[in-house]
Amino acid sequence: MEISLCMIVKNEEATLEKCLASISDAVDEIIVVDTGSTDSSKEIARKFTDKVYDFEWIDDFSAARNFAFSLATKELLMWLDADDVLSCGGNKKLIKLKRNFPKDVSIVYMPYNISFDKRGIPTFSYYRERLVRASAKPHWIEPVHEVIDIRGKAIYSDIAVEHRKVKQNPSGRNLKIMEKQIANGKDLSPRLLFYYARELMFGGEVEKAANVFEQFIDDIGGWSENKICACNDLSSCYEALGNSSKALETAIKGLQYDLPRSKTLCRIGELFLKSARYNEAEYWYKAAINSPRIRNLGFCEADYDGYIPALQLCVIYDKLGDKEKAIHYNEIAGSYKPDSPAYLYNKNYFQTTK
């Protein structure tokens, strides 16, 4: 099997060469669709391929990505953003995968590592549909926060893509695209409604975000993982708005959709800790540190699986006067992040308060 790498770019001269260099040896065709660069992006792309095309930007990422897919000639289609790179060793793994690609598979999900700690260990990641069979007729949907609509058997790969952003997206770009759709009388899908609420929240429009989160959660549609995430986000919105009871109520609501996620358990523990209800906070943080790790397509924030609950249990036991347990959990936190300023501060605190 052969792979067409399909990309859309605009003013990505700072990262594009590194991106293409990380994967060029593993793919058989590179298609770069430029949506209006005024820098040297196209010249950089031409170092790796002669298949560089222009596409007039129409505030629709899916339209641009579908155009890129339409130009592909290989059996497998793969996509990257210009500030993505394959993780170390990913090149060899991708070559092996395409040579032994299962006949009954249409979709390969790969980890997408978005942020990292000082040691380079991913702290925020999720799986994305990264490699798809062309004959399965993959089609991008949604004008922003786009996703591939495709049916068929899927497998999970350990070939990770790292998002190495060096510049911020234009301020309010995603919000403008979604609000343009609303202004044109188009309803947002449940999935896009979820992302609309998050964009509002990150943009500081907390009250409006809370209303949209409520709308999304009440909608009978929508993915359960997004519902769980929405409950955590809505809880934070209510806390910011000074409504602590609704913050707790909403966080607990996130438990109804599936097995408890460690971030949800930590969120509930956090609210009890802030209210100085240490015994309740202890219960929820212990539940978080002992909860099973669940692999799915939702957001994964690894610190909630061990480091954060351990660090908070250290604080709780110190408040309860149990120094031995406080030290024990601080050391557990340190086993996850030995260079953590919080862990090192606590370690020094316990050594100087004997």
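Values in this document were obtained by computation on a predicted structure and should not be read as measured data.

So, on to the overall build of the chain. Scanning the chain for helices and strands turns up 14 helices and 11 strands. Scaling as 2.2 N^0.38, a compact globule of 354 residues should have a C-alpha radius of gyration of about 20 Å, and the chain matches this with 23 Å. If one aligns the C-alpha atoms of the chain with their principal axes, the spans along those axes are about 70 × 45 × 40 Å. Relative to all contacts within the chain whose residues are 6 or more apart in sequence, the contacts with residues 24 or more apart total 64%. Surface accessibility of the chain: about 17,300 Å² in total, with carbon and sulfur atoms responsible for 51%. Distance from the positive charge centre (49 side chains) to the negative charge centre (51 side chains) of the chain: 4 Å.

The next point concerns helix 8 (residues 224–240). Taking 1.5 Å per residue, 17 residues should reach 24 Å; helix 8 reaches 24 Å between its end C-alpha atoms and fits that length. Helix 8 sits mainly inside the fold: 13 of its 17 residues count as buried. Backbone geometry just after helix 8 places G242 at a positive phi near 85°.

Below, the discussion takes up the packing of helix 6 (residues 190–202) against helix 8. Put simply, helix 6 and helix 8 touch, their axes get as near as 11 Å, and they point 25° apart. When the axes of helix 6 and helix 8 are compared, the pair comes out roughly parallel. Remark: the crossing between helix 6 and helix 8 carries left-handed chirality. Residues R191, F194, R198 and M201 of helix 6 pack against N226, C229, A230, D233 and C237 of helix 8. The residue makeup of the contact of helix 6 with helix 8, split by class, is 5 nonpolar, 1 polar and 3 charged.

Bringing the side chain of S22 into the picture now. Turning to its location among the elements, S22 is positioned in helix 1 (residues 16–23). What makes S22 buried here is its relative accessible area of 17%. If we ignore the near neighbours within four places in the chain, the residues touching S22 are V85, L86 and N91.

This next bit is on the environment of L71. Within the secondary structure layout, L71 lies in the loop between helix 3 (61–70) and strand 4 (76–79). Residues L71 and I114 lie 43 residues apart in sequence; the distance between their C-alpha atoms is 28 Å. In contact with L71, other than residues within four places in its own chain, are I31, V33 and Y53.

When you line up the elements, I159 lands in the loop between strand 10 (153–156) and strand 11 (161–163). Taking the C-alpha atoms as reference points, I159 and N91, separated by 68 residues in sequence, lie 8.5 Å from one another. The contacts of I159, once residues within four sequence positions are left out, are L86, G90, K93, L94, L97, M110 and P111.

By the element assignment, T264 lies in helix 10 (residues 262–274). A relative accessible area of 0% places T264 in the buried class. At a separation of 3.4 Å, a polar atom in the side chain of T264 contacts the side chain of N232. Not counting chain neighbours up to four residues away, the residues in contact with T264 comprise I228, N232, A251, G254 and L255.

Below, the discussion takes up unusual backbone geometry. Positive phi values are uncommon outside glycine, yet K137 reaches one of about 55°. Look at K137 and you get exposed, because its relative accessible area is 69%. At A276, a residue that is not glycine, the phi angle is positive and equals roughly 60°. When you line up the elements, A276 lands in the loop between helix 10 and helix 11 (278–290).

Throughout the structure, instances matching the rule amount to 16 aromatic pairs. Linked through ring pairs, F69, W79, Y112, F124, Y126, W140 and F299 together constitute an aromatic cluster. Directly above the aromatic system of W79 lies the positively charged group of R130, at a separation of 3.8 Å from the ring centroid. A cation over an aromatic ring shows up here: K227 above the ring of F216, its NZ or CZ 4.7 Å from the ring centre.

Another point: helix 4 (residues 90–99). Looking at helix 4, one finds that the buried residues are G90, N91, L94, I95, L97 and K98. One side of helix 4 holds all its buried residues, which, seen down the axis, span an arc of 160°. What points out from helix 4, more than 90 degrees from its buried face, is the exposed set K92, K96 and R99. Summarising the contacts, the buried residues of helix 4 are in contact with strand 1 (3–9), helix 1, strand 4, strand 5 (84–86), strand 6 (105–116) and strand 7 (122–133).

Procedures and definitions
- Residues numbered from 1 in each chain as written.
- Predicted model: local features only at pLDDT ≥ 70, side-chain atom pairs only at ≥ 80, totals over all residues.
- Heavy atoms only, no water.
- Helix = DSSP H or I, 4+ residues; strand = E, 2+ residues; numbered from the N terminus.
- Rg over C-alpha atoms; globule rule 2.2 N^0.38 Å.
- Contact = heavy atoms within 4.5 Å.
- Areas by Shrake-Rupley, 256 points an atom, 1.4 Å probe, with all protein chains shown as cover.
- Lys, Arg positive; Asp, Glu negative; His and termini not counted.
- Charge placed at Lys NZ, Arg CZ, Asp CG, Glu CD.
- Expected span 1.5 Å × (residues − 1).
- Buried < 20%, exposed > 50% of the residue type's maximum accessible area, 1.4 Å probe, protein only.
- Axes fitted to C-alpha atoms, helices over the stretch in contact; angles between N-to-C directions.
- Parallel < 35°, antiparallel > 145°, perpendicular 65-115°, else oblique.
- Left-handed = near helix turned anticlockwise from the far one by under 90°.
- Nonpolar A, V, L, I, M, F, W, Y, C, P; charged D, E, K, R; others polar.
- Polar contact = N/O pair within 3.5 Å; in protein donor to acceptor, adjacent residues only side chain to side chain.
- Phe/Tyr/Trp six-rings, centres within 6.5 Å; stacked < 30°, edge-to-face > 60°.
- Lys NZ or Arg CZ within 6 Å of the ring centre and 35° of its normal.
- Arc of directions from axis to C-beta.

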